[in-house]
Amino acid sequence: MTEKVVKNIPLIIGFILTLILIVLPTGYENAIIYQGTDRCQAVVLETDDSQIISTGLIKSGEQTCKIRLLGGKFKGHEVEGYNLLNGSLESDKLFAVGDKALVVISYVEDEVLSVNMIDHYRVDKEAILAGAFCIFLILFAGKKGLMAILSFVISILMIWKVLIPYALNGYNPIFVGLFVVVILAIVVIMFVFGLDRRCLSAVLGSLLGVATTCILGILFTNAFKIHGAVMDNSESLLYSGYESLNLTKIFMSSIFIGASGAVMDIAVDITSAVSEVVQKKPSIDWKEATCSGINVGRAAMGTMTTTLLLAYSGGYLALLMVFMAQGTPISNILNYKYVSAEILDTIVGSFGLVTVAPFTALVSGILLTKVKK
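Every chain's residues receive numbers from 1 upward, in the order its sequence appears when written. Predicted model: local features are reported for residues with pLDDT of at least 70 only, side-chain atom pairs are reported and counted for 80 or more only, and whole-chain, interface and lining totals are derived from all residues. Calculation of side-chain values draws on the structure's entire complement of heavy atoms; hydrogens and water are dropped beforehand.

As named in an unreviewed UniProt entry, the protein is YibE/F family protein, taken from Candidatus Cellulosilyticum pullistercoris.

Here we take up the confidence of the model for the protein. Residue-level confidence of the predictor is what pLDDT reports, using numbers from 0 through 100. Averaged over every residue, the pLDDT of the protein is 87; residues scoring 70 or more account for 94%. In the model of the protein, helix α8 (residues 286–313) stands out as the element of lowest mean pLDDT, 78, in contrast to helix α4 (residues 173–193), which has the highest, 94. Numbered from the N terminus, helices here are DSSP runs of H or I no shorter than four residues, and strands are runs of E no shorter than two.

Moving on, we get to helix α7 (residues 247–280). In an α-helix there are 3.6 residues to a turn, and that puts residues three or four apart on one side. What a helix is expected to span follows from its residue count: subtract one and scale by 1.5 Å. Taking 1.5 Å as the rise per residue, α7 with 34 residues should run 50 Å; its terminal C-alpha atoms sit 50 Å apart, in good agreement. Here the bend at a residue means the angle between the axes of two seven-residue stretches, the one that ends at it and the one that starts at it. Of all bends in α7, the biggest is about 40 degrees, found at Ser260. Its side-chain oxygen 3.1 Å from the backbone nitrogen of Thr248, Asn246 forms the N-cap of α7. For the purposes of these results, a polar contact is taken to be a pair of N or O atoms within 3.5 Å, where, inside protein, one atom must be able to donate a hydrogen and its partner to accept one; residues adjacent in sequence count only when each atom of the pair is a side-chain atom.

Once that is clear, we can look at the nonpolar core. In this text, buried Ala, Val, Leu, Ile, Met, Phe, Trp, Tyr and Cys residues form a nonpolar core when linked through side-chain atoms within 4.5 Å. Between buried and exposed lies partly exposed: a residue is buried under 20% and exposed over 50% of the maximum accessible area for its type, with that area taken using a 1.4 Å probe on protein chains only. Membership of the largest hydrophobic core comes to 24 residues, with the highest contact counts inside it found for Leu21, Ile154, Met158, Ile189 and Phe191. For this core, the secondary-structure elements that each account for two or more residues are α1 (3–23), α3 (143–168), α4, α5 (197–223) and α7. Ranked by residues supplied to this core, first place goes to α4 with nine residues. Between two residues, a contact is recorded if the distance between any of their heavy atoms is within 4.5 Å. The contact partners of Ile189, leaving out residues within four places of it in the chain, are Leu184, Gly194, Cys199, Ala202, Val203, Ser206, Met264 and Val268. The next biggest cluster of nonpolar side chains, apart from the first, holds 22 residues, and it includes Val181, Ile284, Ala361 and Leu368.

Moving on, we get to α3. The end-to-end C-alpha distance of α3, which contains 26 residues, comes to 36 Å, matching closely the 38 Å that a straight helix rising 1.5 Å per residue would cover. If you look at α3, its biggest bend is around 30 degrees, right at Ile159. Note on α3: the residue one or two positions beyond its end, Gly170, has a positive phi of about 95 degrees.

In the numbering used here, UniProt assigns the "transmembrane region" (unreviewed entry) feature to residues 9–28, 127–142, 174–195, 207–230, 250–271, 308–327 and 347–368. Measuring from the first to the last C-alpha atom of residues 9–28 gives 33 Å, for a span that is 75% helix and 0% strand. This span, residues 174–195, is 91% helix and 0% strand, and a straight line between its end C-alpha atoms measures 28 Å. UniProt positions are given in the numbering used here, feature names are shortened, and annotations may be inferred rather than shown by experiment.

Spelled out as structure tokens, the structure:
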């Protein structure tokens, strides 16, 4: 087998895995709620706001729009669409003439029964943004950029096609989450290093860090008495007919899944540093190589833990502003269940980042120096 073919093996494996995940059914493709309906894009021709009740910032009632359907079974038809307002700034939307909307059409044979205006149509703009990013990444990083895009796609497909449906089917979300993280760690790190001992050492180091995060997450979720219902939309999941799901275990799995990306990043950085040291000084023993890796890990810790904190807390700015505006005491804030859950997420995730450094340094020191000797 030629050297060129060997170097392309990770890319070939990635494409094969992507194709398998694309065709893999979730089992939820024909959900009952969408049977007998058609979905398409529509353009708003006229709006009628006479049934909207406005009370300051909050609007409730119903907006009626005359729309032209731009696709699907009834393409070209002009019909009335209904936009129900629930008095929620978070979920409500208002349409204006010229807007494009995603609509769901209920029909019987060739007769349209009703048209529900779901939201503004954004898929085209999302595709433009994603395409521009992919082009920029490939132009900047070449083959490595293509592999980064492929690992991103595989990650999305693993979550959508494996993690979510298996968790919905009642499988233990902790075990399913660990399986998904293991596969992603192998694939992503394989794209970075290829199939060699650097890949093995980074994978082992990152999985040891993830295992630490998983164990601590389970222990302290129980110690903090956190129920999984603290997650957004978790109660809606129960009311959708999945009341048997264990939300707390789902929350536990979200802790180590959320930290796994940063853990893999640290593992790759330390493995690269140790590999470079061994190449520059082939006579180095595993203890010296391990110490070099730990020193690199110490430097990375200063920013990585802050990165994790900002990643978790960035979406809670409005909530923190509410606390300050109301003069809520710090002791109250720290004892709220949803705040405790975020503290648990951040600190346990940071534990994973801290422990992955010595784990990866040790494994890399042993494996990579053995190769040189």
